Amino acid sequence: MPSSGFSTNMRFKFSLLAIVLEAILIALFGIFVRYKEFSTYQLHEEQTLHLELYPFFQDVHVMIFVGFGFLMTFLKKYGFTSVGINMLIAALGIQWGTLMQGFWHMKEGEIQITVKSMINADFSTATVLISFGALLGKTSPVQMMILTIMEIIFFSSSALKYYFSATDIGASMTIHAFGAYFGLAAARVLYRPGLKKGHENEGSSYHSDKFAMIGTIFLWLFWPSFNSAIAVPGDPQYRAIVNTYFSLAACTVAAFAFSSFIEHRGKFDMVHIQNATLAGGVAVGSCADLGIKTFGAMLIGFVAAIISGIGFKFLTPLLASYLKIQDTCGVHNLHGLPGILGGIASIIAAAIQVEHLPSHPISVGMQAAALGCTLGIALIGGAFAG
Amino acid sequence: MPSSGFSTNMRFKFSLLAIVLEAILIALFGIFVRYKEFSTYQLHEEQTLHLELYPFFQDVHVMIFVGFGFLMTFLKKYGFTSVGINMLIAALGIQWGTLMQGFWHMKEGEIQITVKSMINADFSTATVLISFGALLGKTSPVQMMILTIMEIIFFSSSALKYYFSATDIGASMTIHAFGAYFGLAAARVLYRPGLKKGHENEGSSYHSDKFAMIGTIFLWLFWPSFNSAIAVPGDPQYRAIVNTYFSLAACTVAAFAFSSFIEHRGKFDMVHIQNATLAGGVAVGSCADLGIKTFGAMLIGFVAAIISGIGFKFLTPLLASYLKIQDTCGVHNLHGLPGILGGIASIIAAAIQVEHLPSHPISVGMQAAALGCTLGIALIGGAFAG
Amino acid sequence: MPSSGFSTNMRFKFSLLAIVLEAILIALFGIFVRYKEFSTYQLHEEQTLHLELYPFFQDVHVMIFVGFGFLMTFLKKYGFTSVGINMLIAALGIQWGTLMQGFWHMKEGEIQITVKSMINADFSTATVLISFGALLGKTSPVQMMILTIMEIIFFSSSALKYYFSATDIGASMTIHAFGAYFGLAAARVLYRPGLKKGHENEGSSYHSDKFAMIGTIFLWLFWPSFNSAIAVPGDPQYRAIVNTYFSLAACTVAAFAFSSFIEHRGKFDMVHIQNATLAGGVAVGSCADLGIKTFGAMLIGFVAAIISGIGFKFLTPLLASYLKIQDTCGVHNLHGLPGILGGIASIIAAAIQVEHLPSHPISVGMQAAALGCTLGIALIGGAFAG
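An unreviewed UniProt entry annotates chain A as Ammonium transporter Rh type A of Crocodylus porosus. Here chain A is described in UniProt, under the heading Sequence similarities (unreviewed entry), as follows: "Belongs to the ammonium transporter (TC 2.A.49) family. Rh subfamily."

**Q** Which parts of the structure should I look at to understand the relation of the copies chain B and chain C?
**A** Each of the two chain copies goes to the other by way of a rotation about an axis and a shift along it. Placing chain B over chain C gives an RMSD of 0.0 Å and needs a rotation angle of 120 degrees, together with 0.0 Å of translation along the axis. With respect to symmetry, the two chain copies, as superposed, fit the operation of a three-fold axis. Residue Pro-55 of chain B, judged by its C-alpha, is the member of chain B lying nearest the rotation axis, at 4.0 Å. Looking at chain B, a mere 9% of its interface residues are interface residues in chain C too, so the copies touch through different faces.

**Q** Teacher, can you tell me more about the packing of helix α7 (residues 172-189) of chain C against helix α14 (residues 364-385) of chain C here?
**A** Two quantities define a packed helix pair, namely the angle between the axes and the distance from one axis to the other. Residues and elements named next belong to chain C. Close contact between α7 and α14 brings their axes to 7 Å; oriented N to C, the two are set at 30 degrees. In terms of axis orientation, α7 runs roughly parallel to α14. The interaxial crossing formed by α7 with α14 has right-handed handedness. Note on element contacts: α14 touches α7 through Gln-367, Ala-370, Leu-371, Thr-374, Leu-375, Ile-377, Ala-378, Leu-379, Gly-381, Gly-382, Ala-383 and Ala-385, opposite Met-173, Thr-174, Ala-177, Phe-178, Tyr-181, Phe-182, Ala-185, Ala-186 and Val-189.

**Q** I would appreciate a short explanation of the interface of chain A and chain C in the present structure.
**A** Interface size is often expressed as the accessible area that is lost when the parts come together. Between chain A and chain C, the residue contacts involve 58 residues of the former and 54 residues of the latter. Carbon and sulfur atoms make up 77% of the surface buried where chain A meets chain C, a total of about 5,000 Å² over both sides. At the boundary of chain A and chain C, one finds 0 salt bridges. For the pair chain A and chain C, the number of links is 11 residue pairs in polar contact (both at pLDDT 80 or more). Of all elements in the fold, only α1 (8-32), β1 (33-35), α2 (43-51), α3 (54-71), α4 (79-102), α5 (115-135), α6 (141-158) and α8 (206-228) of chain A reach the threshold of two or more residues within the side of chain A that touches chain C. Here the element with the most residues in the side of chain A that touches chain C is α4 of chain A; it accounts for 12 residues. Along the lines of polarity and charge, the residues of the side of chain A that touches chain C split into 37 nonpolar, 15 polar and 6 charged.

**Q** Please explain helix α3 (residues 54-71) of chain B as it appears in this structure.
**A** For an α-helix, the turn length of 3.6 residues means that residues three or four places apart are oriented alike. All names here are of chain B. Taking 1.5 Å as the rise per residue, α3 with 18 residues should run 26 Å; its terminal C-alpha atoms sit 24 Å apart, in good agreement. When the local axis directions of α3 are compared, the greatest deviation, roughly 30 degrees, occurs at Met-63. Across the 18 residues that make up α3, a large majority, 17, are buried.

**Q** Explanation requested: the relation of the copies chain A and chain C in the structure shown.
**A** Mapping chain A onto chain C leaves a residual RMSD of 0.0 Å; the transformation is a rotation of 120 degrees accompanied by 0.0 Å of translation along its axis. A distinct binding surface is used by each copy, with only 9% of the interface residues of chain A retained as interface residues in chain C.

**Q** Explanation requested: the environment of Ala-370 of chain B in the structure shown.
**A** Turning to its location among the elements, Ala-370 of chain B is positioned in helix α14 (residues 364-385). Accessibility expressed as a relative area gives 0% for Ala-370 of chain B, which makes it buried.

**Q** Would you mind showing me how to read the interface of chain B and chain C here?
**A** Residue-level contacts link 54 residues of chain B with 58 residues of chain C. With both chains or domains summed, chain B and chain C bury close to 4,900 Å², and 77% of this area falls on carbon and sulfur atoms. Where chain B packs against chain C, one counts 0 salt bridges. For the pair chain B and chain C, the number of links is 11 residue pairs in polar contact (both at pLDDT 80 or more). When contributions to the side of chain B that touches chain C are tallied by element, the ones reaching two or more residues are α3, α8 (206-228), α9 (235-262), α10 (270-276) and α12 (294-322) of chain B. Examining the composition of the side of chain B that touches chain C, we find that 18 residues originate from one element, α9 of chain B, more than from any other.

**Q** Just to check I follow, could you spell out unusual backbone geometry for this structure?
**A** Across the chain, the bulk of peptide bonds are trans and the bulk of non-glycine residues have phi less than zero. Residue and element names in this part refer to chain A. The backbone of Glu-108 sits at a positive phi, close to 50 degrees, despite the residue not being glycine. The topology assignment puts Glu-108 in the loop between α4 and β2 (111-113). Look at Lys-293: it is not a glycine, yet its phi comes out positive at around 65 degrees. Mapped onto the elements of the fold, Lys-293 is located in helix α12 (residues 293-322).

**Q** Help me out: how do you make sense of the side chain of Thr-167 of chain C in this one?
**A** Mapped onto the fold, Thr-167 of chain C is located in the loop between α6 (141-158) and α7. In this structure Thr-167 of chain C touches Met-173, Ser-286, Asp-289, Leu-290, Ile-362 and Gln-367 of chain C, once residues within four positions along its chain are discounted.

**Q** What exactly am I supposed to notice about the pattern of salt bridges here?
**A** Side-chain pairs of opposite charge can arise whenever the charged atoms involved come near each other. All names here are of chain B. For the structure on display, the rule yields 3 salt bridges over all chains. The closest approach of N and O atoms between Glu-110 and Arg-34, which form a salt bridge, is 3.7 Å. Of the two residues, Glu-110 is situated in the loop between α4 (79-102) and β2 (111-113) and Arg-34 in strand β1 (residues 33-35); the sequence distance between them amounts to 76 residues. Given a relative accessible area of 26%, Glu-110 falls into the partly exposed group.

**Q** Just to check I follow, could you spell out the environment of Ala-276 of chain A for this structure?
**A** Residue and element names in this part refer to chain A. Mapping Ala-276 onto the fold places it in helix α10 (residues 270-276). Sequence spacing of Ala-276 and Leu-248 is 28 residues, and the spatial spacing of their C-alpha atoms is 9.9 Å. Non-local contacts of Ala-276, meaning those with residues more than four positions away in its chain, are made with Cys-251, Ala-255, Ala-305 and Ser-308.

**Q** Just checking my understanding: could you explain the packing of aromatic side chains for this structure?
**A** Two aromatic rings, taken as a pair, are described by how far apart their centres are and by the angle between their planes. Taken as a whole, this structure holds 57 aromatic pairs over all chains when the rule is applied. Ring geometry for Trp-223 of chain A against Phe-226 of chain A: centres 5.9 Å apart, planes inclined by 50 degrees, an arrangement best described as tilted. One end of the pair is Trp-223 of chain A and the other is Phe-226 of chain A, both in helix α8 and 3 residues apart, which spans about a single turn. Residue Trp-223 of chain A is classed as buried on the basis of its relative accessible area of 2%. Of the aromatic side chains, those joined through ring pairs into one cluster are Phe-29, Tyr-54 and Phe-57 of chain A together with Phe-56, Tyr-245 and Phe-246 of chain C.

Conventions adopted
Residues numbered from 1 in each chain as written. Chains lettered and ligands numbered in written order. Predicted model: local features only at pLDDT ≥ 70, side-chain atom pairs only at ≥ 80, totals over all residues. Heavy atoms only, no water. UniProt positions renumbered as here; feature names shortened; annotations may be inferred. Least-squares fit on C-alpha atoms with pLDDT ≥ 70 in both. Contact = heavy atoms within 4.5 Å. Axes fitted to C-alpha atoms, helices over the stretch in contact; angles between N-to-C directions. Helix = DSSP H or I, 4+ residues; strand = E, 2+ residues; numbered from the N terminus. Parallel < 35°, antiparallel > 145°, perpendicular 65-115°, else oblique. Left-handed = near helix turned anticlockwise from the far one by under 90°. Buried area = accessible area lost by both parts, 1.4 Å probe. Salt bridge = Lys/Arg side-chain N within 4 Å of Asp/Glu carboxyl O. Polar contact = N/O pair within 3.5 Å; in protein donor to acceptor, adjacent residues only side chain to side chain. Nonpolar A, V, L, I, M, F, W, Y, C, P; charged D, E, K, R; others polar. Expected span 1.5 Å × (residues − 1). Bend = angle between axes of the 7 residues up to and from the residue. Buried < 20%, exposed > 50% of the residue type's maximum accessible area, 1.4 Å probe, protein only. Phe/Tyr/Trp six-rings, centres within 6.5 Å; stacked < 30°, edge-to-face > 60°.

As structure tokens, then:
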């Protein structure tokens, strides 16, 4: 696995840091973490409900390790690095995320593990992996491990649903926009002029594009599970599945149309396709469990594909030359812009008062505050971490 | 992505067509499509039942996008095209299929979306992807989009279960034989003499064969879900799972045996293995939920492997030279012949009156009529669409 | 598919053997195998319970065919062979395993198929595929088919839970240690001096390592399902999921740390990463459903990674030079040592009397006897079969 600037010194640093972190994690788990205990009374209702989430968990799990891991293999040279380091970060992140998220829900000083908390741990990892997409090739494994620890702290404290009563079931804002802008801010700080002209390693090749399609397709397939996994069972969960399914379908047709339109000679740009087809899943996230109707979901997907395409074609070069932000995998176009679009869509949904759960009212102000707050924490946190 | 004959003119044609189609789809969804509304009374029974189908839906979804997509990557040159265009067609097809199949089940002018209707939308897409396997390398993306629209119209109108009360739970006839003969008829019409000697692009390579095995294996694994997804819950669904599992296992051993037997020096032919191991899943489809017993299922799988092998070795060259039908991916051997075998097996099952649901009697005449009718509509429709 | 020493004679041998075996299997299924019949009374309870296992079955199924199949593709030259022959062996094994395991549970001379028996059939196949990892490149397909038949007979008779009342829910001992030592014993017997210096074909390449990561990651993801699939529903199944999830996460961080530490220049060794990250899943298997607490599971994963790493770096070369055992895929380090560790962990768990089901007491003596007995049968059986 190529890892630039990885000297003997680095070698011991990495091993030492990883071992020490893991030892601390085991100790903290020993102190705080317990199995969930189900009272006999709850057994049939609550425990069944919780194991019914297991297939959703597995779908999300596949997205984190196969989806994110292989999506980044399109880079000829970083192929194995991306899928390998993706695994390392994710494995570290799910342990740390369990603790950081658990601290907000402690009962009598204990963190209780459920399938839902495992889904949330996977979610917190997603944030880091999105940021990693902006930083691939710029950071060493040691830096990525430190970033993982820091980003999950910021993520857990920004978990806006505890502050505002905003809705963001598929986490367009909390995960996607957050992860993207955190990573971009860190990338700006880590900017080195020598990298300016674009790294030679950053080309894609024929086989590497097929590997990347493995990532794209597994993300695409299981996105309905991502957006519905922690939704309220019944109508909201059902709507989250259906809306995401149709948003992605509309997004894919639009992404192919746009890619052909803006490319020379009408060919499809592979990296563009690999990413823009997924923008609909990101953008529909915030509203996924609301009654936005299927055509509303498709409209969101359609617009997301266009915005993502414009980002790839025009914004990424601008970011690199003017703002000195090199977005290795284009996370701004897949997670950043569509994440903001998701936030805006949720503001509109609040304004026109689409159908929602009576117990979860949505308001324009809360959604706007959540969006602004997420972006703020992401940019400041990312710059700090970088 | 290489796409022969894709001029500037084509570029705007494709983009325009895709955008217009998507806009029409969004409009039609706005007019006709609604969420399923569950009355409070049904909530526990019907809604639970419908979300229990979600894992089956995801298995089928993986087959459509990963299975069909990667199965066609064995072609060295069309690797990315096949998995990319597969995604485009499928995304278009699930939207169009939702409408076309929904029109047959409208309630008060509305199409209601359930997990089952999403499975059926994926099914209608499967038909087009099978035909695509016969046409790969002969058609432009524009032609494929038009074909998708046309084939799903024919498919929905040929959905024989509404006309005849025939049984075809795993759709050996309605999907596999239909898709194959539709595609072959279209390929015949699109025949160009320049392609006669076999396209240079149609070779396979070492790595492309491993990518194709990703497709093969995911199809193989989830075929029990394909054949049981819309079966009646309880015994029929259980039988569909078990019968498909054992049919595929027997088919695989027979496919390796036959491949070694007919190849020079006893080696295995990779393209043959990639396809013939799946023939048992196709062939057992029509009878999957009937009480054909496990050894009956294994016999069907065994015969399917032999028929598929003979098709690859002897029939495909004959089709190309005498009938001028170039079957790029050998869909005749994977879907066509085993699909017919499935229809015949269901006729035999009707004749010997195997166990079935009292509410779904099966008769020799109905099964034979369904098989004949499907083939007829496929050939006429395919020639017309071509 | 390259297959050394595969002459014309061999060609007919293989085809004949495969056809005859399959014919015998179909006949035996005709005589002994029946669908499970659910009495009306049991319908709601038992049948629902059994279809709830279907997602677990599919996860295990993916591990067997995708996981084991692609894990072995890291070998440049044997890429297609490994995934192809893996499929053949597994397809044969699930039929034979259904019969062999079924004979222990016959009711009125019948073997009844349930989703659980399908999971057990997949399990019996896993044993053979582990052994195959030690034998890849040394055996012809004919030999592998005979070995499959023999190993599953030994495996079924060693299925210790019927003799001892030992606990081994994730089969650290019964599957992993058994399969590894059976394969190593066979490899010792099949040792040919010409292979001593290491086969030229046994190198890995850049693309083949990415294919192998497909195998690694799908095994990693679904291991919680492997260890919990046949656990008692409720708390034990829930604990098996949670313990395996955290054991694997801790194992992965430790595996990267150790790999960086022992490699030159701090790089990661890819083959090491591909395997050692999984050792935690193997090692936690025996105790997975017990109340070992999450930090206990993480400790087991941590130690497993270190032991597996030491095995790869130091033991594998020693085995090859002193004991003349060439372990092609390093199964000793992934399944053998961590399997024994799992057995030892279960002895310790018994000694400190961790939480368990009242109906399943665990004792030090029984666990130790099970471990010793499994290893004994594996070594003798493997040498005999070799």
